[in-house]
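# Structure at a glance
Residues per chain are reported as follows:
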Amino acid sequence: MFKSLFKRKDKVLKHHIEFCMSNLSFGSADVYDELIQRENVVIEESGCTSNCETCDSCLFAVVNSEVVTAETADKLLQRVEEKMKENPLID
């Protein structure tokens, strides 16, 4: 029993990215569609991420608990990828 409590579990770490459903309709859906295909990402769609002022003013995503913003979908994808590279524990 003692051994089973501390047995190593080889879980693959993944980036956690959250999108607001309202912001998806404003244009971040293109980024969502690109990221959903990647194996190192877990995508969550939220009715509201409590970032309403950000949602009204630009496109955004919450990457590993940090808000990333941009004016266009291409820039948002680029900034999300940059934010993911900042975390060396996740491929």
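A short tour of the structure in this document, coming up. This one's a predicted model, so the numbers in the text were calculated from it and none came from an experiment.

### What about the environment of T49?
- If you trace the backbone, T49 turns up in the loop between strand 2 (41–46) and helix 3 (52–57).
- Looking at T49, the relative accessible area reads 15%, which means it is buried.
- The spacing of T49 and F19 is 30 residues in sequence and 7.6 Å in space, taken between C-alpha atoms.
- Once you skip the residues sitting within four places of it in the chain, T49 turns out to touch E18, F19, C20 and F60.
- At 3.1 Å, the side chain of T49 forms a polar contact with the side chain of N51.

### A word on helix 2 (residues 21–35)
- Taking 1.5 Å per residue, 15 residues should reach 21 Å; helix 2 reaches only 15 Å between its end C-alpha atoms and comes up short.
- Along helix 2, the sharpest change in direction is near 100 degrees and occurs at G27.
- All of the buried residues along helix 2 are N23, L24, S28, V31, Y32 and L35.
- Against the buried residues of helix 2 lie strand 1 (15–20), strand 2, helix 3, strand 3 (59–63) and helix 4 (73–85).

### Describing the pairing of strand 2
- Of the strand pairs in this sheet, strand 1 and strand 2 are connected by six bridges, and their pairing is parallel. Each residue of the ladder has a partner; that of H15, found in strand 2, is V41.
- Handedness of the crossover is the feature at issue here: the chain leaves strand 1, passes through helix 2, returns alongside strand 2, and the resulting connection is right-handed.

### Describing the environment of E71
- Along the chain, the position of E71 falls in the loop between strand 4 (66–70) and helix 4.
- Residue classification places E71 among the exposed positions, given a relative accessible area of 62%.
- Setting aside residues no more than four positions away along its own chain, E71 makes contact with S57, C58 and L59.

### Let's talk about the pattern of salt bridges
- Within this structure, the stated rule accounts for four salt bridges.
- Put simply, E34, R38 and E81 are held in one network by salt bridges that share partners.

Reading the values: the criteria
- Residues numbered from 1 in each chain as written.
- Predicted model: local features only at pLDDT ≥ 70, side-chain atom pairs only at ≥ 80, totals over all residues.
- Heavy atoms only, no water.
- Helix = DSSP H or I, 4+ residues; strand = E, 2+ residues; numbered from the N terminus.
- Buried < 20%, exposed > 50% of the residue type's maximum accessible area, 1.4 Å probe, protein only.
- Contact = heavy atoms within 4.5 Å.
- Polar contact = N/O pair within 3.5 Å; in protein donor to acceptor, adjacent residues only side chain to side chain.
- Expected span 1.5 Å × (residues − 1).
- Bend = angle between axes of the 7 residues up to and from the residue.
- Pairing = 2+ DSSP bridges.
- Right-handed = clockwise from strand over helix to strand, strands pointing away.
- Salt bridge = Lys/Arg side-chain N within 4 Å of Asp/Glu carboxyl O.

By themselves, these are just geometric observations and shouldn't be taken as functional.
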